[in-house]
Structures are given as structure tokens and as C-alpha cells.
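# Secondary and tertiary structure notes
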Amino acid sequence: MQLQVKAFLTSLGLMVEGMLGIFAVMLLIMGVILLLNRLTADKENP
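Read on for an overview of the structure. (Residues numbered from 1 in each chain as written. Predicted model: local features only at pLDDT ≥ 70, side-chain atom pairs only at ≥ 80, totals over all residues. Heavy atoms only, no water.)

## Overview of the overall build of the protein
Note the cut-off: Secondary structure elements follow DSSP: runs of H or I no shorter than four residues count as helices, runs of E no shorter than two count as strands, and numbering proceeds from the N terminus. Note that accessible areas follow from Shrake-Rupley with a 1.4 Å probe, and for residues the cover is restricted to the protein chains shown.
If you tally the helices and strands in the protein, you get one helix and zero strands. Principal axes of the C-alpha set define a box for the protein whose edges measure 65 × 10 × 10 Å. When the accessible area of the protein is evaluated, it comes to approximately 4,800 Å², of which 73% is carbon and sulfur surface.

Next up, the structure:
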């Protein structure tokens, strides 16, 4: 069995792009949740 460096680097690049995409979606969801919490929070109870 031989390590194919070019194929490994290609797949590594795709994996990094996928992980960055997942991270971006997580940040987006967190931002939407924080925004909704601020918009719908009770003003009387600090």
C-alpha cells in the first residue's frame, strides 16, 4: 500500500472546507438564537 500524497491533500482541502462550512452554520444559528432572545426577552425582569 502506497500513500498517494496528491489525493490526500485534495481530500484534506475538501474536509477543511466542510468543517469551515459547519462552523459558519453553527455561528449563524447561535447569532439567530441570541438575536431572538434579545428581541423576545421580558423588559420587566432584568
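## Some details on a nonpolar patch on the surface
Going by this rule: Each patch is built from residues that are more than 30% exposed by relative accessible area and take part in no salt bridge. Like charges join if they lie within 9 Å; nonpolar side chains (Val, Leu, Ile, Met, Phe, Trp, Tyr) join within 5 Å. Between Lys or Arg on one side and Asp or Glu on the other, a salt bridge is scored when a side-chain nitrogen of the former is within 4 Å of a carboxyl oxygen of the latter.
A surface patch of nonpolar side chains, about 780 Å² in accessible area, is lined by Leu3, Val5, Phe8, Leu9, Leu12, Met15, Val16 and Leu20. Structurally, Leu9 can be placed in helix H1 (residues 5-40).

## Here's the deal with the environment of Leu34
Formally: Burial classes: relative accessible area under 20% of the type maximum marks a residue as buried, over 50% as exposed, and values in between as partly exposed (1.4 Å probe, protein chains only).
By the element assignment, Leu34 lies in helix H1. The class of Leu34 is exposed, set by a relative accessible area of 53%. In this structure, the C-alpha to C-alpha distance between Leu34 and Ala24, residues 10 residues apart in sequence, is 15 Å.

## Observations regarding the environment of Glu44
Locating Glu44 in the fold gives a position in the segment after H1. Residue Glu44 is classed as exposed on the basis of its relative accessible area of 73%.

Interpretation in functional terms is not warranted from these geometric data alone.
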